[in-house]
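A look at the structure
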Amino acid sequence: MKKEKYRVVLASNSPRRRELLAGLGLEFEVRVLAGIDESYPAGLPALETAEYIAGKKAEAYRRSMADDELIITADTVVIVGSEVLGKPADEAEATMMLRKLSGCTHQVVTGVCLTTRDRSTHFSVRTDVTFKELTDAEIAYYIATYKPFDKAGAYGIQEWIGYIGCTGLHGSYYNVMGLPVQRIYSELQKF
């Protein structure tokens, strides 16, 4: 990849996002601000939620960024029907989420903002994921073993539940992991 014009900053605590961005061969640093409001308006269409939250994150970072920095913010949600599933608060909520995903196709949407002092671009990437019927025992085992409380929809596709449960995927696998790196690479080339 050509020499970057900007110093790239990934605004995320996610080890998966760090790993995926590193896979592009970019030099970047990680910076995390605490207390960013990730709420969204009740009437916002489900498919627009992740991009909206990524934009709010970008605005929070804009105030403290240097002139030569490019900040990458992202948010991932899981959508089943028209319901947005974020990160589960506890085991009961994780169980409820996985039961909703069991035996159906859902969407994983990651919204991304690339922001500099004088420019910003944002986009969403959607992937359709189909799960087999998950048994209560499979759900309980996964939650107890993998503790998916930091994952939208209460699962990581790259973990055991993805190995045994995912029967179909249409779109970007890496998007389901939390960062649509192909699209990010393409957008960074435009900067």
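What counts and what doesn't
- Each chain has its residues counted from 1, following the order in which its sequence is written.
- In keeping with the predicted nature of the model, local features appear solely for residues at pLDDT of at least 70, side-chain atom pairs appear and are counted solely at 80 or more, and the whole-chain, interface and lining totals rest on all residues.
- Hydrogens and waters are ignored; side-chain quantities use all the structure's heavy atoms.
- A run of DSSP states H or I qualifies as a helix once it reaches four residues; a run of E qualifies as a strand once it reaches two. Both are numbered from the N-terminal end.
- Radius of gyration: over C-alpha atoms. The globule rule applied is 2.2 Å multiplied by the number of residues raised to the 0.38 power.
- Using a 1.4 Å probe on the protein chains alone, a residue whose accessible area is under 20% of its type maximum counts as buried, one over 50% counts as exposed, and one in between counts as partly exposed.
- Whether two residues are in contact is decided by their heavy atoms: any pair within 4.5 Å suffices.
- The charge count includes Lys and Arg as positive and Asp and Glu as negative, but it does not include His or the ends of the chains.
- To locate a charge, take atom NZ for lysine, CZ for arginine, CG for aspartate or CD for glutamate.
- We define the nonpolar core as a collection of buried residues of types Ala, Val, Leu, Ile, Met, Phe, Trp, Tyr and Cys that are connected through side-chain atoms lying within 4.5 Å of one another.
- Side-chain rings of Phe, Tyr and Trp (the six-membered ring for Trp) are treated as a pair once their centres are within 6.5 Å; stacked means planes under 30 degrees apart, edge-to-face means over 60, and tilted covers the remaining angles.
- When the NZ atom of lysine or the CZ atom of arginine is within 6 Å of a ring's centre and also within 35 degrees of its normal, the charge is said to sit over that ring.
- Only residues whose relative accessible area exceeds 30% and that form no salt bridge enter a patch; like-charged residues are grouped when within 9 Å of one another, and nonpolar side chains (Val, Leu, Ile, Met, Phe, Trp, Tyr) when within 5 Å.
- To measure how exposed things are, a 1.4 Å probe is used in the Shrake-Rupley method; for residues, cover is taken only from the protein chains shown.
- When a carboxyl oxygen of Asp or Glu lies within 4 Å of a side-chain nitrogen of Lys or Arg, that pair is called a salt bridge.
- When DSSP finds two or more bridges between a pair of strands, those strands are recorded as paired.
- Orientation is described by lines fitted to C-alpha atoms, with helices fitted over the stretch in contact, and by angles between N-to-C directions that extend from 0 to 180 degrees.
- Any angle that falls under 35 degrees is termed roughly parallel, while one over 145 is termed roughly antiparallel, one within 65 to 115 roughly perpendicular, and all others oblique.
- Left-handed describes a crossing in which the near helix is turned anticlockwise from the far one by less than a right angle; the clockwise case is right-handed.
- Three residue categories are used. Nonpolar comprises Ala, Val, Leu, Ile, Met, Phe, Trp, Tyr, Cys and Pro, charged comprises Asp, Glu, Lys and Arg, and polar comprises the others, including Gly.

Counting secondary structure elements, the protein chain contains seven helices and seven strands. Written out in order from the N terminus, the α and β elements of the protein chain read β-α-β-α-β-β-α-β-β-α-α-β-α-α. For 191 residues, the compact-globule estimate of 2.2 N^0.38 gives 16 Å, and the protein chain sits close to it at 17 Å. In terms of overall dimensions, the protein chain has C-alpha extents of about 50 × 35 × 25 Å along its principal axes. For the protein chain, with 191 residues in total, the buried portion stands at 48%. In the protein chain, of all internal contacts separated by at least 6 residues, the share reaching a separation of at least 24 is 67%. Between the centroid of the 23 positive side chains of the protein chain and the centroid of its 25 negative side chains there is a distance of 4 Å.

If you look at the biggest cluster of nonpolar residues, it comprises 40 residues, and the most contacted ones within it are Leu 21, Ile 72, Leu 98, Leu 101, Leu 114, Tyr 155 and Ile 184. Residue contributions to this core peak at five residues, all from strand S3 (residues 69–80). For Leu 101, the residues in contact, after removing those within four places along its chain, are Val 78, Val 80, Leu 85, His 106, Phe 131, Gly 153 and Tyr 155. Core analysis: the next-biggest nonpolar cluster, separate from the first, contains six residues, Ala 46, Val 77, Ile 79 and Val 84 among them.

The relative placement of two aromatic rings is captured by the distance of their centres and the angle of their planes. Scanning the model with the defined rule gives five aromatic pairs in all. Look at Tyr 141 and Trp 160: their rings are 4.7 Å apart centre to centre, the planes differ by 70°, and that puts the pair in the edge-to-face class. Residue Tyr 141 is located in helix H4 (residues 136–146), and its partner Trp 160 is located in helix H5 (residues 160–165); the two are separated by 19 residues in the primary sequence. Exposure remark for Tyr 141: the relative accessible area of 40% places this residue in the partly exposed category. The ring of Phe 191 has Arg 119 lying over it, and the distance from NZ or CZ to the ring centre is 4.1 Å.

With respect to the helices and strands, Ala 50 occurs in helix H2 (residues 49–62). Given a relative accessible area of 0%, Ala 50 falls into the buried group. Apart from the residues lying within four places of it in its own chain, the contact partners of Ala 50 are Asp 75, Val 77, Val 109, Thr 110 and Gly 111.

Further remarks concern a nonpolar patch on the surface. Judged by side-chain polarity, Leu 169, Tyr 173 and Tyr 174 come together as a nonpolar surface patch covering roughly 260 Å² of accessible area. The residue Tyr 173 is located in helix H6 (residues 173–177) in this model. Since its relative accessible area comes to 32%, Tyr 173 is described here as partly exposed.

Take unusual backbone geometry next. Despite not being glycine, Lys 147 shows a phi value in the positive range, around 45°. You can see Lys 147 is positioned in the loop between H4 and H5.

Quick look at the pairing of strand S5 (residues 105–115) now. Burial within S5 is extensive, with ten of its eleven residues counted as buried. Strand direction decides the pairing type here: S3 and S5, joined by nine bridges, are antiparallel. Looking at S5, one finds that Ala 74 is bridged to Val 112. Here S5 hands over to strand S6 (residues 120–131) after four residues, the two strands then running antiparallel side by side.

In the contact formed by helix H3 (residues 91–101) and H4, the axes pass within 10 Å of each other and the chain directions differ by 135°. Looking at the two axes, H3 sits oblique to H4. In this structure, H3 meets H4 at a crossing whose hand is right-handed. Residue-level inspection shows Glu 91, Ala 94, Thr 95, Leu 98 and Arg 99 of H3 in contact with H4, the latter providing Asp 136, Ile 139, Tyr 142 and Ile 143. Each residue belonging to the contact of H3 with H4 can be placed in one class, and the counts come to five nonpolar, one polar and three charged.

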